[in-house]
Amino acid sequence: MRKRSLISAAATLSALGAATLAYAALVERNMFTLRRFDVPVLEPDAEPLRILHLSDLHMMPDQRRKQEWVAALGGADPDLVVVTGDNMADPEAVPGVLRALDPLLSVPGAFVFGSNDYRGPVWKNPLQYLMPDREYVQGVELPADELRAALTDAGWADLNNARTVLKAGGRSIELVGVDDPHVERDDYASVAGPISSGADLHLGVTHTPASGVLDAMAADGFALLLAGHTHGGQVCVPGVGALTTNCDLPTSMAKGLHRWPGSDAWLHVSAGLGTHPTAPIRFACRPEASLLTLIPR
């Protein structure tokens, strides 16, 4: 009797595990969600400003559902679009990325790249993400320059180790950004400095929410910091949350809007819209884009 009970329990657990995996791979991975946040960073009596934050598309050429969902976000009527990297997951992904972004390219925009805009993914044991000192392995070269040219030709600002001021929503917005700290391409020192008093709003942008970069941006006075990279943990424990952020960001800040410690800055981390192609699952962490409505303090 005991043996039969153990066999029955093992079979039940196996079936539950298989059903959970199927849900994570076939259902939740495609449950694209638009999150909405109010961020109190504007001057008193200022009109609201809408920022659409996109991240971590990890686009494959045949992901038409994702492309169509992103393209429809133009209906959210953003004043500014900010993309925080890891757009590609295949050397042939640029047309799919541009198909997704095309309706948004008429809106003022800015972008930084992540490591998976330069080099493609390679197979890895997902448990390695829980090992902070693992060796980082890069895959095939990706057409970063082709994507960069397409976005800048459309008028979007390239913020990879760059600083600029643009107009959006009737406001003057100062932006600073870095290339991906995850692969040591960041050079904030080359663009550091106090915020401009002539701008109405100040944004800091990075793919990986590395604390050193965020601390420096906040110290310079940037009021809102935008990042991706974490996938929100990608596979989370209900009631607990993310198990890893794949960087030195606390797991409690793996996604969503938070105050950056020790400063007046806000940090928004997008859980992103894609997955690593060799681990195409999400659990308790839907793929997302975010519409940030900036309001008076």
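Refer to the structure printed above.
Scope of this entry: the structure provided in the associated data block. (Residues numbered from 1 in each chain as written. Predicted model: local features only at pLDDT ≥ 70, side-chain atom pairs only at ≥ 80, totals over all residues. Heavy atoms only, no water.)

Turn by turn, an α-helix covers 3.6 residues, leaving residues three or four places apart pointing in a common direction. Buried within helix α4 (residues 144-153) we find A144, L147 and L151. Buried residues of α4 fall within an arc of 70° about the axis and therefore sit on the same side. When the buried face of α4 is taken as reference, the exposed residues oriented beyond 90 degrees from it are D145 and D153. In this fold, the buried residues of α4 make contact with α3 (94-101) and β4 (109-111). (Buried < 20%, exposed > 50% of the residue type's maximum accessible area, 1.4 Å probe, protein only. Helix = DSSP H or I, 4+ residues; strand = E, 2+ residues; numbered from the N terminus. Arc of directions from axis to C-beta. Contact = heavy atoms within 4.5 Å.)

A cluster of nonpolar side chains, contributed by Y23, L26 and V27, occupies part of the molecular surface with about 270 Å² of accessible area. With respect to the secondary-structure elements, V27 resides in helix α1 (residues 2-27). (Patch = residues over 30% accessible without salt bridge, like charges linked within 9 Å, V, L, I, M, F, W, Y side chains within 5 Å. Areas by Shrake-Rupley, 256 points an atom, 1.4 Å probe, with all protein chains shown as cover. Salt bridge = Lys/Arg side-chain N within 4 Å of Asp/Glu carboxyl O.)

Our focus in this paragraph is the pattern of salt bridges. Here the structure, examined in full by the defined rule, presents eight salt bridges. A salt bridge links E288 to R35; the nearest nitrogen and oxygen atoms lie 3.0 Å apart. Here R35 lies in strand β1 (residues 33-42) and E288 lies in strand β12 (residues 288-296), a separation of 253 residues in the sequence. We classify E288 as buried; its relative accessible area is 2%. Between R297 and E43 there is a salt bridge, with the nearest N and O atoms lying 3.0 Å from each other. Of this pair, R297 sits in the segment after β12 while E43 sits in the loop between β1 and β2 (49-54), and the two are 254 residues apart along the sequence. What makes E43 partly exposed here is its relative accessible area of 46%.

For the pair helix α2 (residues 64-71) and α3, interaxial distance at closest approach is 7 Å and the crossing angle is 30°. Compared by their axis directions, α2 and α3 come out roughly parallel. Taking contact as the criterion, the partners of R64, Q67, V70 and A71 in α2 are, on α3, G96, R99, A100 and L101. Partitioned by chemical class, the residues of the contact of α2 with α3 number four nonpolar, two polar and two charged. (Axes fitted to C-alpha atoms, helices over the stretch in contact; angles between N-to-C directions. Parallel < 35°, antiparallel > 145°, perpendicular 65-115°, else oblique. Nonpolar A, V, L, I, M, F, W, Y, C, P; charged D, E, K, R; others polar.)

Looking at the secondary structure, you find A71 in helix α2. Measuring from C-alpha to C-alpha, the distance between A71 and L101 comes to 5.8 Å, with 30 residues separating the pair along the chain. If we skip the residues at most four places from it in the chain, A71 touches R99, A100 and P103.

Right, let's talk about the packing of aromatic side chains for a bit. Tallying each qualifying case throughout the model produces four aromatic pairs. Between Y23 and F283, the ring centres sit 6.2 Å apart and the planes meet at 85°, which makes this aromatic pair edge-to-face. Remark: F283 occurs in the loop between β11 (266-269) and β12 and Y23 occurs in helix α1; sequence separation between them is 260 residues. Judged by relative accessible area, which is 23%, F283 ranks as partly exposed. Pairing F111 with F113 gives two aromatic rings, centres 5.3 Å apart and planes at 40°, and the pair type is tilted. For the residue pair F111 and F113, the accessibility class agrees, reading buried in each case. Residue placement shows R185 over the ring face of Y118; its charged tip is 3.6 Å from the ring centre. (Phe/Tyr/Trp six-rings, centres within 6.5 Å; stacked < 30°, edge-to-face > 60°. Lys NZ or Arg CZ within 6 Å of the ring centre and 35° of its normal.)

Sheets are built from strands paired through backbone hydrogen bonds, the pairs being either parallel or antiparallel. With mixed pairing, the six strands of this open sheet are ordered in space as β6-β7-β8-β9-β11-β10. At either margin of the open sheet sits one strand with a lone partner, and together these are β6 (162-168) and β10 (256-259). Averaged over neighbouring strand pairs, the angle between their axes works out to 25° when direction is ignored. Of the strand pairs in this sheet, strand β9 (residues 224-227) and β11 are connected by four bridges, and their pairing is parallel. By the bridge assignment, L225 is partnered in β11 with L267. Across the face of the sheet, helix α5 (residues 211-219) comes into contact with β7 (171-177), β8 (201-205), β9 and β11 while running at roughly 155° to β9. (Pairing = 2+ DSSP bridges.)

The next point concerns the environment of L224. Residue position: L224 is located in strand β9. Given a relative accessible area of 0%, L224 falls into the buried group. Put simply, L224 and A265 are 41 residues apart on the chain and 5.6 Å apart in space, counted from C-alpha to C-alpha. Excluding anything up to four places from it in sequence, L224 contacts V39, I51, H202, L203, G204, W266, H268, L292 and L294.

What follows covers the pairing of β11. In the case of a regular strand, side chains alternate between the two sheet surfaces. Side-chain alternation along β11 places W266 and H268 on one buried face and L267 and V269 on a second face that is also buried. With four bridges connecting them, β10 and β11 associate as antiparallel partners. Its bridge partner being in β11, L257 is matched across the sheet by H268. Hairpin connection of β10 to β11: six residues between the antiparallel strands, including G262 at a positive phi of 75°.

By themselves these figures say nothing about function.
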